[in-house]
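Listed here are the chains, written in short residue letters.
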Amino acid sequence: MLESRINIAMKLSINGATTMTADLETDIRSAAAAGYDLVELRSNKLYDYLETRTVDDLKALLAETGIGVLSINTLEHITWRSDEDHAAILAECKKLCEISQAIGCPYVLSVPGALRQGPKTDEETIVESVRVLNELADIAEPYGIKIGFEFLGEAGNSVTTLDLGSKIVNLVNRDSVGNVIDTYHFYAGSSSFEALEALDPKKLFIFHINDAEDLPKSELNDSKRLYPGLGILPITEMKQRLDAIGYDGPASVEIFRPEYWEQDPFEVAKAAKDAAERALNIGKYAAGGSW
């Protein structure tokens, strides 16, 4: 079903976090103007957009600009929530899946919950994460939508490595649930390259690319992200391993840097695209590899 929606193989996308202070229409127009194939929509911007316009308006905007939507994100902190919060997440998942189906978007993204009530064992986290991801998949599958699960490398989150995140995805064992890997979170949480090498490429839905300042991991946070190629993240090594396992899916630039948010979003989108293509050796910098 997804293959008939949009072709996302070997495509470059930009996430709305990179231009966080811009509105949804500006995100779409700036991405299209910079030459991206796809855009990831932030759910908060989507909700703001739909306060005054409709999903049909959004479809018309996408058709006008000629850009596809890779994902809507994010279902925030899906695990270790109160019954009330959990019910709200399930309801939001249904809403986002309905919109995704209407606009031809294949993925709704999710991130694990924080450890609000003290440390949990890996086994407890696995059980909780598998349970919730199955519930989300039950909602998403009738719409033809897949759920991406993105581990968060910073301390205090329940799933901080690809090693654990991939294990959870494999235990869910559904085509509709897969990994999302972010270069920053991979580094910050000290994920292993062995976990990357062991991935089934069909279980990797999106590769988020960014860089980070040269700081101790304890001092890193989202605001320290940079354009790809300007920092210390092992982008080249990660790309080599993704090529080796045959991953040819989308890469998406996701940068949470307030300095960039103050700049013209059209210029930021262009700069981010050039940096990502250079770091990945794709586009005008292509020198072989899957992308």
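Residues numbered from 1 in each chain as written. Predicted model: local features only at pLDDT ≥ 70, side-chain atom pairs only at ≥ 80, totals over all residues. Heavy atoms only, no water.

Engineer: Explain the overall build of the protein chain to me, please; I cannot follow it from the model alone.
Structural biologist: Regarding its fold elements, the protein chain presents 11 helices and 10 strands. Relative to its length of 291 residues, the protein chain is compact, with a C-alpha radius of gyration of 18 Å against a globular reference of 19 Å. Restricting to contacts in the protein chain with at least 6 residues of sequence separation, those with at least 24 account for 81%. Looking at the protein chain, you have 28 positive and 47 negative side-chain charges, and the mean spots of the two groups are 3 Å apart. (Helix = DSSP H or I, 4+ residues; strand = E, 2+ residues; numbered from the N terminus. Rg over C-alpha atoms; globule rule 2.2 N^0.38 Å. Contact = heavy atoms within 4.5 Å. Lys, Arg positive; Asp, Glu negative; His and termini not counted. Charge placed at Lys NZ, Arg CZ, Asp CG, Glu CD.)

Engineer: Just checking my understanding: could you explain the side chain of serine 158 for this structure?
Structural biologist: Position of serine 158 relative to the elements: it lies in the loop between strand E5 (146-150) and helix H6 (162-172). The class of serine 158 is buried, set by a relative accessible area of 8%. A polar contact of 2.7 Å, which involves the side chain of serine 158, links it to the backbone oxygen of glycine 113. (Buried < 20%, exposed > 50% of the residue type's maximum accessible area, 1.4 Å probe, protein only. Polar contact = N/O pair within 3.5 Å; in protein donor to acceptor, adjacent residues only side chain to side chain.)

Engineer: Can you help me understand the packing of aromatic side chains in this one?
Structural biologist: When we look at a pair of aromatic rings, we describe it by the centre distance and by the angle of the planes. One pass over the structure, following the stated rule, counts 3 aromatic pairs. Between tyrosine 107 and phenylalanine 205, the aromatic rings sit 4.7 Å apart at their centres with planes inclined by 15°, giving stacked as the arrangement. Pair noted here: tyrosine 107 is in strand E4 (residues 107-110) and phenylalanine 205 is in strand E7 (residues 204-209), with a separation of 98 residues, a long-range link. Taking relative accessible area as the criterion, tyrosine 107 reaches 6% and is therefore assigned buried. Look at phenylalanine 205 and you get buried, because its relative accessible area is 3%. On the basis of an interplanar angle of 55° and a centroid distance of 5.4 Å, the ring pair of phenylalanine 186 and phenylalanine 193 is categorised as tilted. Between the NZ or CZ atom of lysine 217 and the centre of the ring of tyrosine 187, over which it lies, the distance is 4.6 Å. When the ring centre of phenylalanine 193 is taken as reference, the NZ or CZ atom of arginine 241 above it lies at 4.2 Å. (Phe/Tyr/Trp six-rings, centres within 6.5 Å; stacked < 30°, edge-to-face > 60°. Lys NZ or Arg CZ within 6 Å of the ring centre and 35° of its normal.)

Engineer: How should the pairing of E5 be read in this particular structure?
Structural biologist: Within a regular strand, the side chains alternate between the two sheet faces. Counting buried residues along E5, 4 of its 5 residues qualify, which places the element largely inside the surrounding structure. When E4 meets E5, the two strands line up parallel, connected through 4 bridges. Bridge pairing in E5 links valine 108 to isoleucine 147. Here 4 bridges tie E5 to strand E6 (residues 177-182), and the two strands are oriented parallel to one another. Its bridge partner being in E6, glutamate 150 is matched across the sheet by valine 180. Taken together, E5, H6 and E6 form a β-α-β motif whose crossover is right-handed. (Pairing = 2+ DSSP bridges. Right-handed = clockwise from strand over helix to strand, strands pointing away.)

Engineer: Looking at this structure, I do not really get the packing of helix H2 (residues 43-50) against helix H4 (residues 83-103). What am I missing?
Structural biologist: When two helices pack together, their arrangement is given by the angle between the helix axes and the distance between those axes. At a minimum axis distance of 13 Å, the contact between H2 and H4 shows a crossing angle of 70°. On the basis of the axis angle, H2 is roughly perpendicular to H4. Across the interface between the two elements, Ser43, Leu46, Tyr47 and Leu50 from H2 touch Glu92, Lys95, Leu96 and Ile99 from H4. The residue makeup of the contact of H2 with H4, split by class, is 5 nonpolar, 1 polar and 2 charged. (Axes fitted to C-alpha atoms, helices over the stretch in contact; angles between N-to-C directions. Parallel < 35°, antiparallel > 145°, perpendicular 65-115°, else oblique. Nonpolar A, V, L, I, M, F, W, Y, C, P; charged D, E, K, R; others polar.)

Engineer: Looking at this structure, how should I read the pairing of E4?
Structural biologist: Every second residue of E4 is oriented toward a common face, with Tyr107 and Leu109 on one face and Val108 and Ser110 on the other, all of them buried. In this sheet, E4 lies alongside strand E3 (residues 68-75) in parallel orientation, the contact comprising 3 bridges. Residue pairing across strands places isoleucine 72 opposite valine 108, the latter belonging to E4. The parallel pair E3 and E4, bridged by H4, forms a crossover whose chirality is right-handed.

Engineer: Looking at this model, I keep getting lost on H6. Mind explaining?
Structural biologist: The α-helix advances 3.6 residues per turn, and as a result positions three or four apart in sequence lie on the same side. Within H6, the full set of buried residues consists of Leu162, Leu164, Gly165, Ser166, Ile168, Val169 and Val172. Buried residues along H6 sit in contact with helix H5 (122-140), E5, E6, helix H7 (183-188) and helix H8 (193-197). Among the residues trailing H6, asparagine 173 stands out with phi positive, at a value near 55°.

Engineer: What is the right way to look at the pattern of salt bridges in this model?
Structural biologist: Side-chain pairing between opposite charges can occur once the charged atoms of the two side chains come close. Inspection of every chain in the model, using the stated rule, returns 21 salt bridges. A salt bridge links arginine 257 to glutamate 259, with the shortest nitrogen-to-oxygen separation between them at 3.0 Å. Owing to a relative accessible area of 42%, glutamate 259 belongs among the partly exposed residues under this scheme. Two residues, lysine 273 and glutamate 277, come together in a salt bridge whose shortest N-O distance is 2.8 Å. Within this pair, lysine 273 and its partner glutamate 277 are both found in helix H11 (residues 265-280), separated by 4 residues, close to a single helical turn. Accessibility classification places lysine 273 together with glutamate 277 in one group, the buried group. Bridged by salt links that share partners, the residues Arg42, Asp182, Asp222, Arg225 and Glu254 form one connected network. (Salt bridge = Lys/Arg side-chain N within 4 Å of Asp/Glu carboxyl O.)

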